[in-house]
Amino acid sequence: MPDTVSKTDNFLKAIEKYAQEQRSKIQSEAEDFKERELNKAEEEGLREAYVLIQKKMTDVRTEIASELSRAETASRRKTFARRQEIEEEVFAKAAEKLREYTGTPEYEKRLENSAKQISKELSADDVVLRVREEDMKHKNKIFLAFGRKCDIESTDEITIGGMTGLSKKLGMLADETLDSKLEQQREWFFENSGLKVTE
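Keep in mind that this is a model prediction, so the values were computed, not measured.

1. Observations concerning a negative patch on the surface
- Taken together, the side chains of E29, E31, D32 and E35 present a region of like negative charge at the surface.
- Along the polypeptide, E35 turns up in helix α1 (residues 2–101).

And the structure:
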């Protein structure tokens, strides 16, 4: 009987030893699995963090570029507006000087010369000369300078001075106004004033 107890005892010890080995093996495999899963989760977390950081950096860059673009556009608009103000100031002063000029004897001669020039350009017999109301006082001298039949009338379309000549037969308009001469100077002013806005 002692032999049976001893065999049973050895058998139980062998089972316990086997169970212990299996438990150790399972624990070791569980630890390895846990470590692999943690490493995997950590790598996934790092990947997601990297993607998030890259997205945030892209968003920040886009926002900065957009803000810079808005600031640049606002600055350019402000510069254009200031250039326009300066141009308008210059041309308002020039128009005032021209209005002062229309009160001089030289202006009367200019009207006569303009009438002669229009007479050369418009050879028809239906020419109508138009001048400011203030210049109607020079009507006789303008008529004589024109040198042939014409009608002379006042218009409020001319604000500074000079005259226009119109021939319906020829379908032509001759413009000898100070208004148009001043307006033609705008392009020259823009090109030569040094007030260009560059990018």
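2. Some points on the nonpolar core
- By size, the foremost hydrophobic cluster in this structure holds 21 residues, and its most contacted members are A115, I118, L129, I142, F146, I152 and M163.
- Secondary structure elements with two or more residues in this core: α1, α2 (105–121), β1 (128–131), α3 (139–146) and α4 (178–192).
- Sorting elements by how many residues they give to this core places α2 first, with four residues.
- Leaving out residues up to four positions away in the same chain, F146 has contacts with A115, I118, S119, V127 and L129.

3. Here's the deal with the pattern of salt bridges
- Counted by the stated rule, this structure contains ten salt bridges.
- For R186, the salt bridge is made with E88, and the minimal N-O distance between the two is 3.1 Å. One end of the pair, R186, is in helix α4; the other, E88, is in helix α1, with 98 residues separating them in the sequence.
- The class for E88 is partly exposed, based on a relative accessible area of 34%.
- Residue K141 is joined to E108 by a salt bridge in which the shortest nitrogen-to-oxygen separation is 2.4 Å.

4. Thoughts on α3
- Along α3, the residues that are buried comprise I142, A145 and F146. Viewed end-on, α3 has its buried residues packed into an arc of 100 degrees, placing them on one side of the element. Within α3, the exposed residues directed more than 90 degrees away from the buried face are N140 and L144.
- Contacts made by the buried residues of α3 are with α2, β1, β2 (151–154) and β3 (162–167).
- Note on α3: the residue one or two positions beyond its end, G147, has a positive phi of about 85 degrees.

Rules used in this analysis
Residues numbered from 1 in each chain as written. Predicted model: local features only at pLDDT ≥ 70, side-chain atom pairs only at ≥ 80, totals over all residues. Heavy atoms only, no water. Patch = residues over 30% accessible without salt bridge, like charges linked within 9 Å, V, L, I, M, F, W, Y side chains within 5 Å. Areas by Shrake-Rupley, 256 points an atom, 1.4 Å probe, with all protein chains shown as cover. Salt bridge = Lys/Arg side-chain N within 4 Å of Asp/Glu carboxyl O. Lys, Arg positive; Asp, Glu negative; His and termini not counted. Charge placed at Lys NZ, Arg CZ, Asp CG, Glu CD. Helix = DSSP H or I, 4+ residues; strand = E, 2+ residues; numbered from the N terminus. Core = buried A, V, L, I, M, F, W, Y, C linked by side-chain atoms within 4.5 Å. Buried < 20%, exposed > 50% of the residue type's maximum accessible area, 1.4 Å probe, protein only. Contact = heavy atoms within 4.5 Å. Arc of directions from axis to C-beta.

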